[in-house]
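Listed here are the chains, written in short residue letters.
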Amino acid sequence: MAKLKKGSRCTVCKAKGEKEKAVVFLPHHRLALCKKHYIEWFEKRVAKTIKEFRMFSPKDRILVAVSGGKDSLALWNALVKLGYEADGFYIDLGIDEYSQDSKRLALQFAEKIERPLHIVSLKEEIAPIPQIDQITNRPACSACGTVKRYYMNKYAKELGYNIIATGHNLDDEVAVLFGNTLHWDIDYLKRQYPVLKEENGFIRKVKPLCKITEKEAALYAFFNNIEYIEYECPFSEGASSIEYKELFSQLEEKHPGTKLQFYTNFLKKMYPILKEHEERQKQELQKCKICGEPSFSEICSVCKLKEKVKTMAKS
Ligand SMILES: [Zn+2]
Ligand SMILES: [Zn+2]
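Residues numbered from 1 in each chain as written. Chains lettered and ligands numbered in written order. Predicted model: local features only at pLDDT ≥ 70, side-chain atom pairs only at ≥ 80, totals over all residues. Heavy atoms only, no water.

Enquirer: Help me understand the coordination of the zinc ion (ligand 2) in this model?
Expert: Tetrahedral coordination by four donors places them ideally at 109.5 degrees to one another around the metal; octahedral coordination by six donors ideally gives 90 or 180 degrees. Bound to the zinc ion (ligand 2) are the protein donor atoms Cys288 (SG), Cys291 (SG), Cys300 (SG) and Cys303 (SG), situated 2.2 to 2.5 Å from the metal. One can describe the donor arrangement at the zinc ion (ligand 2) as tetrahedral, given that its four donor atoms subtend angles of 101 to 116 degrees at the metal. Here the donor residues of the zinc ion (ligand 2) are spaced in sequence according to C-x2-C-x8-C-x2-C. Taking the relative accessible area as the measure of exposure, Cys300 reaches 3% and is therefore buried. (Donors = N, O, S within 2.8 Å, 3.2 Å for Na, K, Ca; no water. Tetrahedral: all angles 85-135°; square planar, octahedral: opposite > 155°, others 65-115°. Buried < 20%, exposed > 50% of the residue type's maximum accessible area, 1.4 Å probe, protein only.)

Enquirer: Would you mind going over the nonpolar core with me for this structure?
Expert: In summary, soluble globular proteins display a tendency toward joint burial of nonpolar side chains. Ranked by internal contacts, the top residues of the largest apolar core, which has 59 residues, are Tyr38, Phe42, Phe56, Ile62, Val64, Trp76 and Leu79. Not counting residues within four places of it along the chain, the set of residues in contact with Phe42 comprises Ala74, Ala78, Leu209, Ile212, Glu216, Ala217 and Tyr220. Core analysis: the second largest hydrophobic core is formed by 35 residues, Ala127, Ile135, Tyr155 and Cys288 among them. (Core = buried A, V, L, I, M, F, W, Y, C linked by side-chain atoms within 4.5 Å. Contact = heavy atoms within 4.5 Å.)

Enquirer: For this particular structure, what's the right way to read the coordination of the zinc ion (ligand 1)?
Expert: Note on the zinc ion (ligand 1): its protein donors are Cys10 (SG), Cys13 (SG), Cys34 (SG) and His37 (ND1). The metal-donor distances range over 2.0 to 2.3 Å. Between the four donor atoms coordinating the zinc ion (ligand 1), the angles at the centre fall across 99 to 118 degrees, so the site counts as tetrahedral.

See below:
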């Protein structure tokens, strides 16, 4: 985060005639803030994003995808503080130390805010990620994403939630958007919106932190004394999205606001065009013959994966 000038006062405090010193400077919002007003700013920004994209209302039951990292815990904290009924959902991926540490922190946080955390173990459902990684030829992150989406959707329905909220932040969205643009991957681009509506057995999915940077989320977690897992999943090493994030952070330093502009201008100018294109050639979704979950083919990718794991285990 950009350097704060020595002795700067909090912009909000100053307007109220108070003299609190600023501890953070947000260059692209031209704001210097004290701790209290930073927390307030963060929560207001999340509330505004929820409203702007009509993500959900206080009547909805929200399930937050919790990884134990700063983003998901910051999101959960903010939603509860904003008065939403939000519970947590954690998938134990069975990645040795990483999963043990993140699970402990997720549980510890759930206890702190006194909300339930639902836990699913991938080892019991299919197999742990390291084993899946050996069996499939796809990169571990893509298999991981597939199973996370699948179980999240399945359990949210079973547990009676109607909204799934994930902690994807602006840096995540910008990195994915940039990658998809580099490849002109239209199919992915047209799905890159902070709200995916409920349809065909899928529950509504939302990203309330899409306008919050990684650093802003880390700072919010820090000011709220939230303990989170600080190291990356060992399987994500070398992912190109990490390179794109570095690239954009360099740009951001020189030109504050670059990330937000790249993202919001896509939503404003490009997304509507892609959406129209999609409406014209909507793909038919079916139900998986084995488990009944929505799928683009007769048998869904998770059931196919299960079969593969079973055959491998036998041989
Ligand atoms: Zn202040
Ligand atoms: Zn299936």
